[in-house]
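Residue-level structural notes
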Amino acid sequence: MTVKAKIKQRINAACGSNDIVRVYMSDGYVDGFVVAVGAKHFALEIFSDTIQLNGLNFLRFKDVADCRNPAPFHEFLYRVMVLRKIKRVGSPNVDISSLKSILKIGGAHFPLTTIHLDLKGKGKGKGKGSIEEGDRSKVCYIGRVISVQNKTVKMRCISPGAQWEPVVEVYPLKLIFRVDFGGGYEDALLLAAEGDGSR
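Reading guide: rules and limits
Residues numbered from 1 in each chain as written. Predicted model: local features only at pLDDT ≥ 70, side-chain atom pairs only at ≥ 80, totals over all residues. Heavy atoms only, no water. Helix = DSSP H or I, 4+ residues; strand = E, 2+ residues; numbered from the N terminus. Rg over C-alpha atoms; globule rule 2.2 N^0.38 Å. Buried < 20%, exposed > 50% of the residue type's maximum accessible area, 1.4 Å probe, protein only. Contact = heavy atoms within 4.5 Å. Areas by Shrake-Rupley, 256 points an atom, 1.4 Å probe, with all protein chains shown as cover. Lys, Arg positive; Asp, Glu negative; His and termini not counted. Charge placed at Lys NZ, Arg CZ, Asp CG, Glu CD. Polar contact = N/O pair within 3.5 Å; in protein donor to acceptor, adjacent residues only side chain to side chain. Core = buried A, V, L, I, M, F, W, Y, C linked by side-chain atoms within 4.5 Å.

**Examining the overall build of the protein**
Along the protein, the regular secondary structure elements total 4 helices and 11 strands. Its C-alpha atoms give the protein a radius of gyration of 17 Å, within 12% of the compact-globule value 16 Å for 199 residues. Referenced to the eigenvectors of the C-alpha coordinate spread, the extents of the protein come out at roughly 45 × 40 × 30 Å. Taking all 199 residues of the protein together, the buried fraction comes to 48%. Within the protein, contacts between residues at least 6 apart in sequence are counted, and of these 57% link residues at least 24 apart. Of the roughly 10800 Å² of accessible surface on the protein, 53% is carried by carbon and sulfur atoms. Where the 30 positive side-chain charges of the protein centre and where its 20 negative ones centre are 6 Å apart.

Here you go:
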């Protein structure tokens, strides 16, 4: 069995359990609960740096460098959850059989979606996303999903100042390597924005 196959096996085994895992990627790691798995993607209910549950990350198996179950210091995370009375969201009502289904169904359940794009070899993009620290080829955009086609997603993006962009942007699905829903930052942007971005 290959290393990637073993990692995928560990992630699959943790799905639906109460195990806190640590997932390592090239740019760092996240701790959380595996709440759903598909053929190419899996969903994590993640912890923030301040030890709060911070929404859902949808990641590709191929981007994972390692997975540890249990995560380091998992007992500390469990204790904080009890003391703070933190409740899990649990398994999302999202079909993760494909990236298209994640965006389409997830976008219908969550008012804002964050997409992470790898622009390596594709130019610099249009500059409205925030550039991820340490890698100038990776950007993220936050907004309301308007529609999803076979190869693209249309979104009305929101700025870091909680202003809706006037133009609906189109992003190729093949460049998207991660999708986030329900995080504290998305919630804060929606709270401060005027309107819901549907117009």
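**A short note on the side chain of N57**
Its location among the elements puts N57 in strand β4 (residues 53-60). The exposure class of N57 is buried, given its relative accessible area of 3%. Reaching out from N57, the side chain makes a polar contact with the side chain of R178 at a distance of 3.3 Å. Setting aside its immediate chain neighbours within four residues, N57 contacts V30, F42, A43, L44, I46, R178, V179 and D180.

**Considering the nonpolar core**
F58, L103, I115, L117, V153, I176 and V179 are the most contacted members of the largest nonpolar core, which totals 36 residues. In terms of residues, this core owes the most to one element, strand β8 (residues 138-148), which gives 4 residues. Sequence-distant contacts of V179, defined by excluding residues within four places in its chain, comprise L56, N57, F58, L99, I102, L103, T113, T114 and I115.

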